[in-house]
Structure formats: structure tokens, C-alpha cells
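# Observations on chain architecture
Each chain is listed here by its residues.
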Amino acid sequence: MKLINQAKSEKAFIFYDQVVVSGASFLTNVFLARNLGALGYGKFATIGLIQMFFLSISMSFFSQIFQVVHPQLHTNRKKNYTASIITLQCFVMLAFLLLGLIIYGFSKLYFKQFSLLILATSITTPLLLIQDFLRRILITSQLIKKALLADIITNSLQMGLIYVAYFFNKLTIENSIYIIGLTFIPSILFSLNGLSLNSTTNFGLKFSWHTHKQKSFWLTLSAFLQWSSGYFFIVVAGWWIGASAMGALRLAQYIFGLLNILLQAIENYALPKAVLIENKITFFKVLLKKMLLIILPILAIMSFAATQVFHYAGGESYKGYEYVIYGLCIVYLLTTISYPIRIIIRSLHLNKEYFMGYLFSSIFSACTAFLLLKNFGLYGVLIGLAITQIITNSFWIISIKKILLKK
């Protein structure tokens, strides 16, 4: 009976939802990596990194602030706040789409070989950003089952249509981007219907805009730096070593999709809880211990079976890149440690300190990327990713200690 109750708990459904999202992403990327080849998948992965950049910026202004503001509001104000912030997000996404179409128009004149990729990215990226935001709203609003259903709808369509395109020999980079982006539409519609929103008011719009503008400055800068510290080495690797190396590295990161499922699920659940808990240190210790007990065995298995896993996932075109798995095991161990630290930082509203941690790691990335890549190739990328995690975690720990000691 206890196991049945746990399987029906709030934690369990957050985990199920993250399994669907990260699991589908993992399967889709492995399928594309095998069928587009290392070079083609490297180009696809580059578009994915660009979309990740915009997603990071969008999250810093919208969903990350929503996750900590919404739980503190009175029940009567929550629905109005939710409707207002979704309206603001839609306005921003329309502006993004218009800008993308303008860039596409110029690309047809000056960068014709990239114009179709630019068009596909411009159309689908706003859909990704809106869908991700609505998903996080549903989870924060305790409508977790609806978030799960929305993600099942979208990801089932995504994987099904990608296979159909493959079956009819239509699986290109552009078609893959369109399929992944356009299948967000059913999820968006389902999520909006599930939220049962109030009408947007001028007061709600003003409150949402001022609140998010006030709290997002350091978070937005942090998002830019987080992306640059986490992906700068990868982008430079794609330019310096080639698209095939980019494809191999991104495939290896998707192989670790199971860890992303766990880490994201834990953050989505723990952050609203951490905001309301007074003893942050005890919360941090308990959370870190639980995370390590889950993650360490998985990393051990991944290390032991690295060669077999990489060959099965990517095929012959990725032969010789197995060492990337070993390096990412170390990186993900450091990433696991960083999650409880990041949750505490955000729950304490230490947005400036959050930014500074990424600033120091980004400076390191910018100063050492070319040197590490020139001398060590992909090994240099892995070394750089590990050191950026150490720099960020160290600064955050020092900042948390200073703030808690003052209290």
C-alpha cells in the first residue's frame, strides 16, 4: 500500500513528467544522431544550442521568477498573476517571431545556404519557449497530472512524426526542427485549457511586469553567462574541431538524459519547497545526500559500459569518441552537487550572487577555451566543463555561508 501511495504522490508525477520530457528528447536525439550522421547531427545540435540560449533567457525572466513568486501569493491573486504573465510571454514571443522573419528575409539575400535553417528556427523557437513556460506553470500550480498529459501528447507526436519522416526518406535537418517545434502546439493548447485562467487585468499586467523586471536583472545576466559557461566550450569545439566533434559531444550529453530527468524533476519539486523552509542548511544536506545516492550508481554503470553504450547509440560514425562518456561522468557528478546549492541560492533570492558565480566561470571559459581545445581537443572541452562547475559551486557556497552567518 505504501508503494502504491508513493507512486501516486506529487513527487512521483513530477518524476513521471520529467521521464517523458527527457526520455523523449533522449530517444529523438539518438535516432537523429544515427540517421543524420555525425556531421548532419552536429549541425542539428548547433540549432539546439541556439534554442537553449533563448530558452535560458526566457526562463530567467519568466518561469524562474514565477516559481518563487507564485507560492507566496494569496490564492485569489494567483490566477490573475498566472494569466498576466502568460500574456506577457506571448507578446514577447510574437516579437521574437517577427524579428526572426526579418532575419530570414536578410539571409535570403546574403546567407542563402542558411536561410531555410533560420526560417525553421525562427518559427519553432517561440513555440518551444511558450510550451516550456506553460509546463513549469502547471507544475508550480500543483497541476502536475495535466503537465504530464500535455507532455505525453507532444512527445508522442514528435517521435511518431520523426519516424514517419524517416520512413518516407524525408528526414532532413530542417524537417526535424519543424516536427519538434510544431508538435508543441497541441501541448500549448491543452495546457492553456487546463489552467482555467482568469481574464488578464491592467493591474495584473503591471504587477507581473514590474515584479519580473525587478527580480530578473541578475537572473537574465546569469542565464546568459550560464549558457556561455556551459556551452561556450561546445560551440568553440564545433568551430575549432568541426561539426562531427560537436555531434559526438552532444550525443554523449543526451546519453546522460536519465540524469537530466532526475535532476530537473528534483529542482522543479524542491525549489518551491525550499522557499518556504527556514533551515536551509539542513534542507541542503538532506537533498544532496538523496541525490548522490541516486546519481552515483548510475554514473558507475555508465563508466563501466561506456564503449557499448556509445556505439549502440551513435553507430560507426561516432567510433573513437567513447572517452567523452568518462569525462562527462565527472562533469555530471559536479553538476549533481551544484543542484542543491543552486536551489538554496535561488530560494534565498541571491540573484546577484547567482550571477557572479556564472560570471567567474564564463571569464574562465572565454580565457581558456581556445588554449584547452588547441592542446587537448575534446579532452580540453571536458576539462573546461569540469572546472567551470568547480568555480561556480565554490563561489555559491561561500556566498551562502556569508548570508546565513549574518542571520
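Report on the accompanying structure. Everything numeric here is computed off the predicted structure, so don't read it as measured data.

As a further point, take the overall build of the protein. A tally of helices and strands in the protein yields 16 helices and zero strands. For 407 residues, the compact-globule estimate of 2.2 N^0.38 gives 22 Å, and the C-alpha radius of gyration of the protein, at 21 Å, lies within 12% of that figure. Projected onto its principal axes, the C-alpha positions of the protein cover 55 × 50 × 45 Å. For the protein, the proportion of its 407 residues judged to be buried stands at 53%. Summarising the internal contacts of the protein: among those between residues at least 6 apart in sequence, 84% fall at separations of at least 24. About 19300 Å² of surface is accessible on the protein, with carbon and sulfur atoms providing 70% of the total. Charge separation in the protein, taken as the distance between the mean sites of 33 positive and 10 negative side-chain charges, equals 7 Å.

A surface patch of nonpolar side chains, about 760 Å² in accessible area, is lined by Ile153, Leu157, Leu161, Tyr163, Val164, Tyr166, Phe167 and Phe168. Its location among the elements puts Leu161 in helix 6 (residues 144-167).

As a further point, take the packing of aromatic side chains. Considering all chains together, one arrives at 19 aromatic pairs under this definition. Seen from their ring centres, Phe61 and Phe62 are 5.0 Å apart, and the 75° between their planes marks the pair as edge-to-face. Overall, the relative accessible area of 16% leaves Phe61 in the buried class. Accessibility expressed as a relative area gives 3% for Phe62, which makes it buried. Geometrically, the ring pair formed by Tyr358 and Trp396 is edge-to-face, given 5.2 Å between the ring centres and 90° between the ring planes. With Tyr358 in helix 15 (residues 351-376) and Trp396 in helix 16 (residues 378-406), this pair connects stretches of sequence that are 38 residues apart. For the pair shown, Tyr358 and Trp396 are each scored as buried. Taken together, the aromatic side chains of Phe61, Phe62, Phe66, Tyr81, Phe133, Phe207 and Trp209 make up a single cluster linked through ring pairs. Over the aromatic face of Phe207 sits the side chain of Arg77, whose NZ or CZ is 4.5 Å from the ring centroid.

Attention shifts here to the pattern of salt bridges. In this structure the tally under the stated criterion is three salt bridges. The partner of Arg135 in a salt bridge is Asp17, and the shortest N-O contact between them spans 2.9 Å. Of this pair, Arg135 sits in helix 5 (residues 115-140) while Asp17 sits in helix 2 (residues 10-61), and the two are 118 residues apart along the sequence. Owing to a relative accessible area of 5%, Arg135 belongs among the buried residues under this scheme. Note on Asp17: relative accessible area 0%, which makes it buried. Across the pair Asp151 and Arg135 runs a salt bridge whose closest N-O atoms are separated by 3.1 Å. You can see Asp151 sitting in helix 6 and its partner Arg135 sitting in helix 5, a full 16 residues away along the chain. The exposure classification of Asp151 matches that of Arg135, with both residues buried.

A few words now on helix 6. Side chains that are three or four residues apart share a direction in an α-helix, a result of its 3.6 residues per turn. End to end, helix 6 covers 34 Å across 24 residues, agreeing with the expected 34 Å (1.5 Å per residue, within 8%). Considered for burial, the residues of helix 6 that qualify are Ile144, Ala147, Leu148, Ala150, Asp151, Thr154, Asn155, Gln158, Ile162 and Ala165. Looking one or two places after helix 6, you find Asn169, whose phi comes out positive at around 55°.

A few words on unusual backbone geometry. Glycine aside, the phi torsion of most residues is negative, and most peptide linkages are trans. The phi dihedral of Gln142 falls on the positive side, at around 65°, and the residue is not glycine. Checked against the element boundaries, Gln142 lands in the loop between helix 5 and helix 6. If you check the backbone angles, Asn169 has positive phi at about 55° while not being a glycine. Relative to the helices and strands, Asn169 resides in the loop between helix 6 and helix 7 (173-182).

Each value, and the rule that gives it
- Residues numbered from 1 in each chain as written.
- Predicted model: local features only at pLDDT ≥ 70, side-chain atom pairs only at ≥ 80, totals over all residues.
- Heavy atoms only, no water.
- Helix = DSSP H or I, 4+ residues; strand = E, 2+ residues; numbered from the N terminus.
- Rg over C-alpha atoms; globule rule 2.2 N^0.38 Å.
- Buried < 20%, exposed > 50% of the residue type's maximum accessible area, 1.4 Å probe, protein only.
- Contact = heavy atoms within 4.5 Å.
- Areas by Shrake-Rupley, 256 points an atom, 1.4 Å probe, with all protein chains shown as cover.
- Lys, Arg positive; Asp, Glu negative; His and termini not counted.
- Charge placed at Lys NZ, Arg CZ, Asp CG, Glu CD.
- Patch = residues over 30% accessible without salt bridge, like charges linked within 9 Å, V, L, I, M, F, W, Y side chains within 5 Å.
- Salt bridge = Lys/Arg side-chain N within 4 Å of Asp/Glu carboxyl O.
- Phe/Tyr/Trp six-rings, centres within 6.5 Å; stacked < 30°, edge-to-face > 60°.
- Lys NZ or Arg CZ within 6 Å of the ring centre and 35° of its normal.
- Expected span 1.5 Å × (residues − 1).

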